[in-house]
Structure formats: C-alpha cells, structure tokens
Amino acid sequence: MKMSSLLAPTLREVPAEAEVESHKLMLRAGLIRKVAAGIYNYLPLGLKVIRKVETIVREEMNRAGAQEVLMPNAVPAELWKESGRWDKYGDLLLKFKDRKEAEFCFGPTHEEVITFMVRSDVRSYRQLPINLYQIQTKFRDEIRPRFGLMRGREFIMKDAYSFHETEESLDAEYKNMRAAYCRIFERCGLDYRIVGADNGDMGGSGSEEFMVLAKSGEDEVLSCSCGYGSNVEAARALPVRCDDVPEAQQGIEETPTPGKKTIEEVSAFLKKLPKQAIKTLIYTADNTPVMVLMRGDHEVNEVKLKNVLKAATLALADDATVKKITGADVGFAGPVGMKDIRVVADESVQFIKNGYTGANRTDFHLVNVKYGRDFMAPELFDLRITRKGDMCPACGQKALESHRGIEVGHIFKLGTKYSDSMNAQFLDRESASRPFIMGCYGIGIGRTAAAAIEQSHDEYGIVWPLSLAPFMVLVTPATPNDPVQMEIAAKLYISLREQGIDALLDDRDERMGVKLKDADLIGFPYKIIAGKTAAQGMVEVKSRRGAIKENVEIAKAVDMIRQSIQEKKY
Ligand code: ATP
Ligand code: MG
C-alpha cells in the first residue's frame, strides 16, 4: 500500500470531544470517525486493527474447540419475550417494528437467539457439549456513550455460548474458555487481571471479568497480594466490628434532632460517631418496599442488594412512600418497632455499639440503641460497597488495593436460566428431557483495541503491541523527489512484502518532519528511512519503542526487522 492513496486522515489538533487517550489517538491517527453518538465509521487503519483482534480471537476460539456461527442483528421480540428480558432489559434495548408492525430488537447480546438455535437442532446428550460463537455487531443504547470504541452504542463483540449435560461439563468448558481468553489477551499484548464479577442481569452462578489495568478505566478493581481480585461491584466485604466504642449502658431514649437529617448532621449534633448510626433506607424492589439497614459510615452496594432481594428493579423509595411507611419525613427512619415491612441489614449492623437511629418521628432520633435488644434484622447479608483499605475477604490479613480497569472480556456460568425460560431441552442418557446447562463468554473487540492504545502510547502517538499494529513497517525516502532514495525505498517495500511483512510506502510529497510525525502518531513499529546515505548503500532503521536505531546496509534492513519481530522486542 502506498501512503498517498491510503485514507488515513491524521489530525494535529486534539479533538475536543475526546476525553481519554485511546479515543484522542484513534481520531488523530485517522482510525475512526464519529457518525453519531457512540456510532463510528472504521477507516482503513482502524478496520485493520479490528480485524487483527478478530483474527486472534477467532484462532484461539477455534483452537479451544468452539465453532463459529453468525446470528442476526434484527431479533424478533418473541424470543426476548420468552426469556422475559423484553421488558426487563430496560432502555439499553433498541426496539423497532417492521412494515407489518412486528416487533424486533437490535441484538445487544444473543442468549435468546442461540438458545433458539440449539433447542431447534440439538436434541441429544450425544451432541453435547457444544460451544458456538460469533463475531458480530451489537447495539446497546448506552446512556453515556463515550471514550470512542470503549463504550459505543454500536460495537463489535465476540460472544460465545456453551451447552452442557452436566455442571461438571460446564465447569470444564468455563476453564477452557478462561485459558483461551488468557491466550487471546496475552497475544494482544495486554497487561490484564482476572477478577470476580457480578452476574448482573444474566443470571447464573459464577462469573469473572478480564480487566486491562489503565488509569482511564471505568471499572474499579480491588485486589490483594494474596491473589484475591474483584470488580468493586462484586467485591465481598468482611463485617466490621466496633470494639473501640463502649456498649450502651442505659435504655433506649428518644431525643430531638430538629432539622438534622444526614448522618453527618445528626452525628455532630448528638456528639457520636457516624459508625454508630444505624442508617435506614427505604427501597422499592419490584414495587414492594424494603427497609435496608447500614452502618452510618458504609454505603449500600445496590448490585448486592438487588441480588439478595432477587429483584428485577430496585430504586430508593420516593418521599411519599417513606412518609407512609415511617410516619416521618425522610431522614428520620429507623428499624425500632417497625412491622409489616421486610427488613434486611448489612452484617456489620449487628456489631454497632451504643447506636442511634431515626425515631420514625419527624425531628427525632433514638439513642442508646442496641442490636438484639431494641431491634433485630431478620436477614443479615453482605450489602456494603467494599472499599480500598477494607480487609481482604479472602485472606483477612491485608488491606485491599484499588486500581482502575477496562473490562475487555467476561465469562459466565449461566446455568439453566435461558433453557428453563425458553424451554430448551435435550434427551439425557435415560431418555429423559432436561434443560441445557449453559455458559456464555464475551469479548469487546473494539474495546480491546482501545485498551491496547490506552495501555501503550506516548506523547507522539500510538505504540502498538506488534500483534495489533495496522502496518508493521513504514518505508520512506527522506527527500520525496529524490529518485535514488525513492527507488531504494520502493525496493525495500517490495522485499518486505515478499517476506510477508505488512509494509506501507510513504510516497507522499511531504516534508520529512510531517511524515515522521504521522508515522509516530499511527505507530508503525518500524521505520526504514532511505536518506542521503542511501546512494552509498545505507538506510536508517528505527523502531517505535526505541530498541533499534541504526544505519544498516540496505541488504540487511529487512532481515533486521524480521528478526526483531520474531524476538517480539522492538
Ligand atoms: P459494561 O459493564 O462495560 O457496560 P457489560 O458487562 O454490560 O459491559 P457484557 O455484556 O459482559 O458487557 O459484554 C461483553 C463484552 O462486550 C464486555 O466485556 C466488553 O468488552 C464489551 N462491551 C460491552 N458493552 C460495550 C460497549 N458499550 N462498547 C464497547 N464494548 C462493549
Ligand atoms: Mg460484563
């Protein structure tokens, strides 16, 4: 390919709309262009990178024994109604109608369609296990599409689904996929961690995320040197005791706290510590109110709460509901004397000493409150947001550290959630019908490319992992209209290509400074410059990471690059 005919519109200015480096660089290097919020054109260089990620993913999925299929983007509503997600999935789901008024969605994920595929054509345990995958465009109507390909609305995903006769078979495939993912992200040159994750709305029993550590990551990862690592959303917390506070000696008392509503206001007013507060929140879970108790200095993890309540929808109750349940304004709710409402508490609440809480009377709180004497929470769970500095829930010895991460992949054990709701069954060894046991495994293709840039760039531009670079080598004459330099450059370009090394010839009539700026911005791992000494048989070879910067004989330049690629050091 010649640079003069390549559509690679590089930009000198940093586009105002881009916040993170990968987005800025993908725009500046001419890889992508925005069409609408979260919707992009992939230009030639961008598409080459995407295809490289896809190839790695495809090779490793095939190697792991999965089979490639392709499902439609337009998915009939009936399938999503069968699984119950038509109404539950929320506003992320883009719905539309065809000319006959039949309802469809643009698939954001394909559990329903694959379950339909397998229930139609897989009948017997003899056909199991099976793992089917596709690489396909998804649509999710994200509230805040941002960071370019990192969080798009239309984006490319590899999604795989496995079907099993037994839990053991699912466990084995989950491990197989986990290992395949490790190979994929290693080959993509990424520094990643595997962390525990929340199952979200997918159902099922276990899930892990592959996180690329990067400052701009939207996820928070908590980890410990013992090996524990989890998305903060799912990080377990050990209950904490309150041993440094003396137990209440007196009985419970009501005390005025006029206009003091927040934990900070009330604790300052009562001269107590926030951790002595029994914070009382009223939530509405699937239209039913629930009282949630937390230690005053802890925050509710709504993902954990939603999971323990097994709720499809969860939100803080409105003021009117709170008033109806407690008889008081918001800010004065408490568990003492509460009846006729489900009460769930975080485990640490049982250890609060000499506590205080709302009196269920506007402008009043109760003090000297004791768990077990004045109130009980019939249901204790781990409900709090685990934080950096909390003790590791695995070893219990060390404080957790916090890192930012980009979720590039996610593996789940789904169980029978979809096969049950969609009635997908096979005949087992005893000729009895049983639901398939399922797993699912996703990778964001564009997000992986973006994560690679996020992790590897400098002030001049992208520093590609060799496996993802759109072109391996840029060959350029130093003086564009020098026929000798041009001829040598063109010959080197041809011989690189003959050796299977993807090269680009910069034949543009541009100053050397401009060409080198573009080269570093796009991030070619290697450059060969045919300059003044070319006529004497010498060219300059430079690598983007700086390992090579040499004048070599023309005949040796290609070998030098080939060897450097083999050694994966540049
Ligand atoms: P997130 O929590 O980031 O919204 P998710 O957990 O909803 O993602 P999954 O359903 O697990 O995403 O999708 C599988 C993979 O698809 C993710 O691990 C991620 O790499 C990618 N992905 C998900 N949403 C997007 C998006 N909006 N843009 C680009 N890639 C995405
Ligand atoms: Mg996920």
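On a predicted model such as this, the values are computed, not experimentally measured, just so you know.

What follows covers the pattern of salt bridges. Taken as a whole and assessed by the stated rule, the structure comprises 44 salt bridges. The salt bridge partner of Arg-178 is Glu-208, with a shortest N-O separation of 3.0 Å. Of this pair, Arg-178 sits in helix H6 (residues 167–187) while Glu-208 is found in strand E10 (residues 206–213), placing the two residues 30 residues apart along the sequence. Relative accessible area serves as the criterion here: at 18%, Glu-208 is assigned to the buried category. Put simply, Lys-279 and Glu-299 hold a salt bridge, and the shortest N to O gap is 3.7 Å. Of this pair, Lys-279 sits in strand E14 (residues 278–285) while Glu-299 sits in the loop between strand E15 (288–295) and helix H8 (302–309), and the two are 20 residues apart along the sequence.

Okay, the pairing of E14 next. Extensive coverage of E14 is indicated by the burial of 6 of its 8 residues. Taken together, the 8 bridges between E14 and E15 define a ladder with antiparallel strand orientation. Paired with Tyr-283 across the bridge in E15 is Val-290. Here E14 folds back onto E15, and the loop between the two strands holds 2 residues, one of which, Asp-286, carries a positive phi near 45°. Bridge count between E14 and strand E16 (residues 314–316): 3 bridges; the pairing is antiparallel. Note that in E16 the partner of Ala-285 across the bridge is Leu-314.

The next point concerns the coordination of the magnesium ion (ligand 2). Ideal coordination angles are 109.5 degrees for a metal with four donors arranged tetrahedrally and 90 or 180 degrees for a metal with six donors arranged octahedrally. Around the magnesium ion (ligand 2), the protein contributes the donor atoms Glu-407 (OE) and His-410 (ND1), at 2.1 to 2.3 Å from the metal centre. On the accessibility criterion, Glu-407 (21% relative accessible area) is partly exposed. Using a relative accessible area of 11% as the deciding quantity, one classes His-410 as buried.

Looking now at the environment of Trp-86. Along the chain, Trp-86 turns up in helix H4 (residues 85–88). On the basis of relative accessibility, which here comes to 5%, the residue Trp-86 falls in the buried class. Expressed as a C-alpha distance, the spacing of Trp-86 and Ala-377, which sit 291 residues apart in the sequence, is 35 Å.

What follows deals with the packing of helix H2 (residues 44–63) against helix H11 (residues 445–455). Close contact between H2 and H11 brings their axes to 9 Å; oriented N to C, the two are set at 110°. Here H2 is positioned roughly perpendicular relative to H11, judged by the angle of their axes. Considering how the two elements wind past one another, H2 and H11 form a crossing that is right-handed. Every residue of H11 that contacts H2 at Val-49, Ile-50, Val-53, Glu-54 and Val-57 is listed here: Ile-445, Gly-446, Thr-448 and Ala-449.

Here we come to the site of ligand 1. Lining the immediate surroundings of ligand 1 are 14 residues, of which Arg-140, Glu-142, Arg-151, Gly-152 and Glu-407 lie closest. The backbone of Met-150 places a nitrogen or oxygen atom 3.4 Å from a nitrogen atom of ligand 1. Glu-407 is positioned such that a nitrogen or oxygen atom in its side chain is 2.6 Å from an oxygen atom of ligand 1. For ligand 1, whose unbound accessible area comes to 590 Å², protein coverage reaches 85%. Of all elements in the fold, only strand E8 (154–164) and strand E21 (401–415) reach the threshold of two or more residues within the shell around ligand 1. When residues of the shell around ligand 1 are assigned to their parent elements, the largest contribution, 4 residues, is made by E21. In terms of residue class, the shell around ligand 1 is made up of 5 nonpolar, 4 polar and 5 charged.

Turning our attention to the nonpolar core. Counting residues in hydrophobic clusters, the biggest one holds 65 residues, and the most contacted among them are Leu-31, Tyr-181 and Phe-185. Counting residues per element, this core draws most heavily on H6, which supplies 8 residues. Split by domain, the residues of this core number at least three in each of domain 1 (47–73 + 108–236 + 402–453) and domain 3 (471–566). Counting residues in hydrophobic clusters, the runner-up holds 29 residues, among them Met-71, Val-122, Tyr-125 and Leu-414.

Listed as buried for helix H7 (residues 263–270) are Ile-263, Val-266, Ser-267 and Leu-270. Seen end-on, H7 carries its buried residues on one side only, within an arc spanning 95°. Structural note: H7 exposes Glu-264 and Ala-268 on the side pointing more than 90 degrees away from its buried face. Contacts made by the buried residues of H7 are with strand E13 (253–256), E14, strand E18 (355–358) and strand E19 (364–369). Phi turns positive one or two residues past the end of H7, at Lys-271, with a value near 55°.

Let us now look at the packing of aromatic side chains. Considering all chains together, one arrives at 13 aromatic pairs under this definition. Where Tyr-181 meets Phe-185, the ring centres are 6.0 Å apart and the plane angle is 85°; that geometry is what we call edge-to-face. Pair noted here: Tyr-181 and Phe-185 are both in helix H6, with a separation of 4 residues, about one helical turn. The same class applies to Tyr-181 as to Phe-185, namely buried. Taken together through their ring pairs, the aromatic side chains of Tyr-181, Phe-185, Tyr-192 and Phe-210 make up a single cluster. When the ring centre of Trp-80 is taken as origin, the NZ or CZ atom of Arg-85, which lies over that ring, is 4.6 Å away.

Further remarks concern the side chain of Arg-28. You can see Arg-28 is positioned in helix H1 (residues 21–28). Glu-21 is the oppositely charged side chain nearest to the buried, salt-bridge-free Arg-28, at an N-O distance of 6.6 Å. Apart from residues lying up to four places away in sequence, Arg-28 is in contact with Pro-9, Thr-10, Leu-11, Arg-12, Glu-13, Val-14, Pro-15 and Leu-521.

Our next topic: the sheet that holds strand E4 (residues 74–76). Spatially, the 3 strands line up as an open sheet ordered E4-E6-E5, and their pairing is antiparallel. Pairing within the sheet leaves two strands with one partner each, and these edge strands are E4 and strand E5 (94–97). The average angle at which neighbouring strand axes cross in this sheet is 40°, direction not considered. The pairing of E5 with strand E6 (residues 103–106) spans 4 bridges and is antiparallel. Counterpart to Phe-96 in the pairing with E6 is Phe-104.

A few words on the sheet that holds E18. One open sheet accounts for 3 strands, arranged E13-E19-E18; its pairing is antiparallel. Of all the strands in the sheet, just E13 and E18 have a single pairing partner and so form its edges. Strand-to-strand twist of the sheet, defined as the mean angle between neighbouring strand axes without regard to direction, takes the value 30°. Here E13 pairs with E19 via 4 bridges, running antiparallel.

Rules used in this analysis
Throughout this document, residue positions are counted from 1 along each chain, in the order its sequence is written. Written order decides the labels, with chains lettered from A and ligands numbered from 1. Per-residue local features of the predicted model are confined to residues with pLDDT of at least 70, and side-chain atom pairs are confined, for both listing and counting, to 80 or more; whole-chain, interface and lining totals are unaffected and use all residues. Processing note: side-chain calculations cover all non-hydrogen atoms of the structure and skip hydrogens and water entirely. By definition here, a salt bridge exists when the distance from a side-chain nitrogen of Lys or Arg to a carboxyl oxygen of Asp or Glu is within 4 Å. Per the convention used, a helix needs a DSSP run of H or I reaching at least four residues, while a strand needs a run of E reaching at least two, with both numbered from the N terminus. When accessible area is computed with a 1.4 Å probe and restricted to protein chains, residues below 20% of their type maximum are described as buried, those above 50% as exposed, and intermediate ones as partly exposed. Strand pairing is defined by DSSP finding a minimum of two bridges between the two strands. Think of the donor list as every N, O and S atom within 2.8 Å of the metal, or within 3.2 Å for Na, K and Ca; water never makes the list, so a site can look incomplete. Only the stretch in contact is used when a helix axis is fitted, and all axes are lines through C-alpha atoms; the angle between N-to-C directions ranges over 0 to 180 degrees. Note on angle classes: values under 35 degrees are labelled roughly parallel, values over 145 roughly antiparallel, values of 65 to 115 roughly perpendicular, and the remainder oblique. Crossing handedness: left-handed means the near helix sits turned counterclockwise from the far one by under a right angle, and right-handed means the same turn made clockwise. In what follows, residue pairs with any heavy atoms lying within 4.5 Å of each other are defined as contacts. Residues are labelled near a given molecule or strand when at least one of their non-hydrogen atoms is within 4 Å of it. Polar contacts, as counted here, are pairs of nitrogen or oxygen atoms within 3.5 Å of one another; within protein the pair requires one atom able to donate a hydrogen and one able to accept it, and residues that are adjacent in sequence qualify only if both atoms are side-chain atoms. Surface accessibility follows the Shrake-Rupley procedure with a 1.4 Å probe radius. Residue values consider only the protein chains on display as shielding. In the scheme used here, Gly and all other residues not listed as nonpolar or charged are polar, with Ala, Val, Leu, Ile, Met, Phe, Trp, Tyr, Cys and Pro taken as nonpolar and Asp, Glu, Lys and Arg as charged. By convention a nonpolar core is built from buried Ala, Val, Leu, Ile, Met, Phe, Trp, Tyr and Cys residues, the set being connected through side-chain atoms within 4.5 Å. Residue ranges assigned to the domains are those given by an automatic or database domain assignment. Here, the arc refers to the directions that run from the helix axis to the C-beta atoms. Note on ring pairs: Phe, Tyr and Trp rings are taken, using the six-membered ring of Trp, and paired if centres are within 6.5 Å. Classes follow the plane angle, with under 30 degrees stacked, over 60 edge-to-face and the rest tilted. For a Lys NZ or an Arg CZ to count as sitting over a ring, it must be within 6 Å of the ring centre and within 35 degrees of the ring normal. Note that His is not counted, nor are the chain ends; the positive residues are Lys and Arg, and the negative ones are Asp and Glu.

Don't take any of this as a statement about function, it's just geometry.
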